[in-house]
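Inside the fold
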Amino acid sequence: MGMVVKCTFCGTSEVVYVRRYSGETLCRRCFLENMVERVKATISKYELLNPFDRIAVAVSGGKDSLSLLKILVRIERDFPRASLVAITVDEGIPLYRDEAVENAVRFISELGVEHRVVSFKELYGFTLTEVVESNVSRSLNLQPCTICGILRRRALTVAAKECGASVIATAHTLDDIVQTYLMNILRGDTRLTPIGVRREVPGVIPRIAPFRLIPEREIVLYAYFSKIPFQTYTCPYTELSMRDKIRSFLTEYEELFPGTLYTALSSFEKMFARSSQEDGSFCAICGEPTSRKICRACEIIELVSSRIKK
Ligand code: SF4
Ligand code: ZN
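Bear in mind that the values here come from a model prediction, so they are computed numbers and not experimental data.

About the cut-offs
- The written sequence of each chain sets the order in which its residues are numbered from 1.
- All chains are assigned letters beginning at A, and all ligands numbers beginning at 1, according to the order in which they are written.
- The model is predicted, so local features are restricted to residues of pLDDT at least 70 and side-chain atom pairs to those at 80 or more, both for listing and for counting; the totals for chains, interfaces and linings are taken over all residues.
- Excluded from the side-chain calculations are hydrogens and water; all other atoms, namely the structure's heavy atoms, are used.
- Throughout, near means a residue has at least one heavy atom within 4 Å of the molecule or strand.
- Strands here are runs of E lasting at least two residues and helices are runs of H or I lasting at least four, both read from the DSSP assignment and numbered beginning at the N terminus.
- Any residue that is not Ala, Val, Leu, Ile, Met, Phe, Trp, Tyr, Cys, Pro, Asp, Glu, Lys or Arg is counted as polar, Gly included; the first ten are nonpolar and the last four charged.
- Take the residue count of a helix, subtract one, and multiply by 1.5 Å to get its expected span.
- Classification of residues uses two cut-offs on accessible area relative to the type maximum, computed with a 1.4 Å probe and protein chains only: under 20% is buried, over 50% is exposed, and between them is partly exposed.
- Contacts between residues were defined by any pair of non-hydrogen atoms, one from each residue, lying within 4.5 Å.
- We define a salt bridge as a side-chain nitrogen of Lys or Arg found within 4 Å of a carboxyl oxygen belonging to Asp or Glu.
- In this description, a donor is an N, O or S atom within 2.8 Å of the metal centre, a cutoff extended to 3.2 Å for sodium, potassium and calcium. Water is not part of the atom list, which can make sites seem incomplete.
- Note on geometry labels: four donors, all angles 85 to 135 degrees, give tetrahedral; four donors become square planar and six octahedral when opposite donors are over 155 degrees apart and every other angle is between 65 and 115; remaining cases are irregular.
- Here, axes are lines fitted to C-alpha atoms. For helices the fit covers the stretch in contact, and angles between N-to-C directions go from 0 to 180 degrees.
- Orientation categories follow fixed angle ranges, with anything under 35 degrees roughly parallel, anything over 145 roughly antiparallel, 65 to 115 roughly perpendicular, and all other angles oblique.
- Two helices that cross are described as forming a left-handed crossing if the nearer one is turned anticlockwise from the farther one by less than a right angle, and a right-handed crossing if clockwise.

Further remarks concern the site of ligand 1. As a structural note, the neighbourhood of ligand 1 is formed by Ile-93, Tyr-96, Arg-97, Leu-128, Cys-145, Cys-148, Arg-152, Cys-235 and Tyr-237. Here the element with the most residues in the shell around ligand 1 is helix α7 (residues 144–162); it accounts for 3 residues. Looking at the shell around ligand 1, its residues break down into 7 nonpolar, no polar and 2 charged.

Take a look at the structure:
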């Protein structure tokens, strides 16, 4: 009486993935199909998109963002009045980003999607490498990754505005979002707002994360089965960060207790629904929302420019 594991959806015996938190077993084809369905379900559950949106998809060229674009292209077919534009931010990191940008350019043109590449150099007058070498990281007491993230966010906003986007979609996964919530809590940041859920603030392009309910490992598998290129170089500025510690803790915990990530997400979101309060103040220089007088991005840009011009 040999028990053959069958695909929960179609019944074939070529199972490639066991979804431990739900007990489902999936063959390759149903896994790929189901991914699109789950992203669709996430979009409608949180009302992430409107049928007439112009969607700017942040495509770094890594596997997560290429997967997101591929899936959104599929979903967008059902919404003839919506449009997609892919935006790639080039921080100016030798090898690592060069490879990613190449992957992005090739992949996006194969999909036939409009593509805009924007670089730190053209936008700010300096690359991330120059930022790291200017030592502002030390004087602001911020890690290179934090600075990189702030400037990339700004670049994405600028490019999305130029492209006339009504919404920005990023490839943050369930894992990323739970990590960020936990990091904020451990840092004592209590002004938390839900991540990747559409919130309309006047003058601000909302950011959505259609992968917010998809575990990272399933994106990896999706990318692998879809023949999406994986990067061979790693960023030279990655440091062992608090995020890495939290990531490995959460991954280990999820292994032992499948479903933990979902429980964490929903607990955090219940907490934040009560605490989230916009303070409604804007940067004196760029006009983007910030809790400070001058936002972090403007502060960093001024500081790096003054050092580089010397
Ligand atoms: Fe930027 Fe850090 Fe990512 Fe490198 S690892 S691209 S510095 S955020
Ligand atoms: Zn600003």
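Take helix α2 (residues 63–76) next. A turn of α-helix holds 3.6 residues, and therefore any two residues three or four places apart point the same way. Taking 1.5 Å of rise per residue, the 14 residues of α2 would be expected to cover 20 Å, and the 20 Å separating its terminal C-alpha atoms lies within 8% of that figure. Summarising burial for α2: 10 of the 14 residues are buried, a large majority. Here α2 has its buried residues at Asp-64, Ser-65, Leu-66, Ser-67, Leu-68, Leu-69, Ile-71, Leu-72, Val-73 and Ile-75. In this structure, the buried side of α2 is in contact with α1 (28–45), β3 (54–58), β4 (83–90), α3 (96–111), β6 (167–169) and α9 (216–225).

The next subject is the pattern of salt bridges. A complete count under the given rule lists 21 salt bridges for this structure. For the salt bridge of Arg-74 with Glu-33, the shortest nitrogen-to-oxygen distance reads 3.0 Å. A residue pair is termed long-range when its members are at least 10 positions apart, and Arg-74 in helix α2 and Glu-33 in helix α1 qualify at 41 residues. Residue classification places Arg-74 among the partly exposed residues on the basis of a relative accessible area of 30%.

Now for helix α8 (residues 174–186). Over its 13 residues, α8 runs 18 Å from end to end, which matches the ideal 18 Å to within 8%, given 1.5 Å per residue. Counting buried residues along α8, 10 of its 13 residues qualify, which places the element largely inside the surrounding structure. Those residues of α8 that sit buried are Leu-174, Asp-175, Asp-176, Ile-177, Val-178, Gln-179, Tyr-181, Leu-182, Met-183 and Asn-184. A positive phi of about 85° marks Gly-188, the residue just after α8.

Geometry reference: four tetrahedral donors at a metal, ideal angle 109.5 degrees. Six octahedral donors, ideal angles 90 or 180 degrees. Note on the zinc ion (ligand 2): its protein donors are Cys-283 (SG), Cys-286 (SG), Cys-295 (SG) and Cys-298 (SG). The metal-donor distances range over 2.3 Å. Around the zinc ion (ligand 2) sit 4 donor atoms, and with donor-metal-donor angles ranging over 105 to 115° the site reads as tetrahedral. On the primary sequence, the residues serving as donors to the zinc ion (ligand 2) are separated as C-x2-C-x8-C-x2-C. Here Cys-298 lies in helix α12 (residues 296–309) and Cys-286 lies in the loop between α11 (260–275) and α12, a separation of 12 residues in the sequence. Given the relative accessible area of 29%, Cys-286 is considered partly exposed. On the accessibility criterion, Cys-298 (5% relative accessible area) is buried.

Where α8 meets helix α10 (residues 242–256), the axes come as close as 10 Å, and the angle between the chain directions of the two elements is 120°. For the element pair α8 / α10, the angle class is oblique. Of the two possible hands of crossing, α8 and α10 adopt the one that is right-handed. Between α8, through Asp-176, Val-178, Gln-179, Thr-180, Leu-182, Met-183 and Leu-186, and α10, the contact on the second element is made entirely by Met-242, Arg-243, Ile-246, Arg-247, Phe-249 and Leu-250.

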